[in-house]
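# Residue-level structural notes
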Amino acid sequence: MGRQLAKAPLQEVMIELRWKLDEPWDPAFEPGCGLFWAAIREEFPVHVRINPTTYPDVYRVQHQYRKQQEDSTAIQLGHGVLTVSHATKGYSWEEAFFPFFRKTLYTFLQVYPLEKIEFNLVLLRYLDAVKIEDYGHAVLDAFLAENMNVVLQNDLPGYTARNLKIQQEFDVEAGKVLLVVNSGLLDGKTAITWSTTCANRKAQTPEQIEEWLNVAHKIQGDLFVKVCKPNFYASFQ
């Protein structure tokens, strides 16, 4: 299942890579940041320091790189962690996002000055959201009942859910997939968000990572379709 829907509710898709560190910091981080940005700077000239700390914060991104200030595509780097992401419109796995990830990964491996990079986590996450008022609803559980194959049932007369979080984990070919349905805000309006996350701690080589990501992408696309009731899914086409 592809995610190229004309009115897709996609808010963000992100791939995260982590690698093993023998110290409570990444000894290659400071020179690595400079070398990595030098390699991507022509295409990603906008640099922002995020989550600044006075000490190494392992597996938390600290540098963000974009093509433009408000561009939807971003690369982020921290001690032991690299992420690539795309937000909102213009998403295509086959034509854009996966090739962008591959290019970023191989550039990173080529220039990052760590003697040996042992990946110990690859993660793929999709985040989607809609405003419930766009579907004629003001109440969360009524919206879920009509539009999603996720059930919220309360036998509490006189009480209406104002906030919710439903979390479920499923065994799949790619390992496990986590589905989280939340209430929230979108453009200041009451919204339902749902995310799917697959993670793998065994894929270590670039080839293994690529193969696993394509499997995880297909599984999460299938789950997206099954979470949505037919009329709800049709509203994205």
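In this report, the structure presented in the accompanying data block is examined. (Residues numbered from 1 in each chain as written. Predicted model: local features only at pLDDT ≥ 70, side-chain atom pairs only at ≥ 80, totals over all residues. Heavy atoms only, no water.)

### Concerning the sheet that holds strand S1 (residues 10-19)
Taking strand neighbours across the sheet as the criterion, the 9 strands line up as S2-S3-S4-S5-S1-S6-S9-S8-S7 in an open arrangement whose pairing is antiparallel. Both outer strands of the open sheet, strand S2 (46-49) and strand S7 (165-172), are each paired with one neighbouring strand and no more. Each adjacent strand pair in this sheet contributes to an overall mean axis angle of 20 degrees, direction not counted. The sheet strands contacting helix H3 (residues 140-147) are strand S6 (119-131), S7, strand S8 (175-186) and strand S9 (189-200), and the helix crosses S9 at an angle near 60 degrees. Relative to the sheet, helix H4 (residues 206-227) contacts S1, S6, S7, S8 and S9, its axis offset from that of S6 by approximately 25 degrees. (Pairing = 2+ DSSP bridges. Helix = DSSP H or I, 4+ residues; strand = E, 2+ residues; numbered from the N terminus. Axes fitted to C-alpha atoms, helices over the stretch in contact; angles between N-to-C directions. Contact = heavy atoms within 4.5 Å.)

### A few points about the state of the cysteines
Summed over the entire model, instances satisfying the criterion amount to 0 disulfides. In this model Cys 198 remains outside any disulfide bridge; the closest cysteine sulfur is found in Cys 228, 16 Å from its own. Note on Cys 228: relative accessible area 4%, which makes it buried. (Disulfide = S-S within 2.5 Å. Buried < 20%, exposed > 50% of the residue type's maximum accessible area, 1.4 Å probe, protein only.)

### Brief notes about the packing of aromatic side chains
We describe a pair of aromatic rings using the distance from one ring centre to the other and the angle between the two ring planes. All told, the structure shown has 22 aromatic pairs when counted by the stated rule. Between the aromatic rings of Trp 19 and Tyr 112, the centroid separation amounts to 5.7 Å while the plane-to-plane angle is 65 degrees, which identifies the pairing as edge-to-face. Of this pair, Trp 19 sits in strand S1 while Tyr 112 sits in the loop between helix H2 (93-111) and S6, and the two are 93 residues apart along the sequence. Feature note: the residues Phe 44, Tyr 91, Trp 93, Phe 97, Phe 98, Phe 100, Phe 101 and Tyr 126 constitute an aromatic cluster, connected by ring pairs. Sitting over the ring of Trp 37, Arg 41 keeps its end group 4.0 Å from the ring centre. (Phe/Tyr/Trp six-rings, centres within 6.5 Å; stacked < 30°, edge-to-face > 60°. Lys NZ or Arg CZ within 6 Å of the ring centre and 35° of its normal.)

### With respect to the nonpolar core
In this structure, Trp 19, Leu 77, Ile 192, Trp 194 and Leu 213 are the most contacted members of the largest nonpolar core, which totals 63 residues. Among the elements that line this core, the one with the most residues is H4, at 8 residues. Not counting residues up to four positions away in its chain, the partners in contact with Ile 192 are Asp 128, Ala 129, Val 130, Ile 132, Leu 140, Phe 143, Leu 144, Met 148, Leu 164, Val 181, Asn 182 and Ser 183. (Core = buried A, V, L, I, M, F, W, Y, C linked by side-chain atoms within 4.5 Å.)

### Some thoughts on unusual backbone geometry
A negative phi angle is the norm for most residues apart from glycine, just as the trans form is the norm for most peptide bonds. Phi at Tyr 59 is positive, roughly 60 degrees, even though this residue is not glycine. Looking at the secondary structure, you find Tyr 59 in the loop between S2 and strand S3 (61-66). Given a relative accessible area of 27%, Tyr 59 falls into the partly exposed group. The backbone of Asp 187 sits at a positive phi, close to 55 degrees, despite the residue not being glycine. Its location among the elements puts Asp 187 in the loop between S8 and S9. Residue classification places Asp 187 among the exposed residues on the basis of a relative accessible area of 66%.

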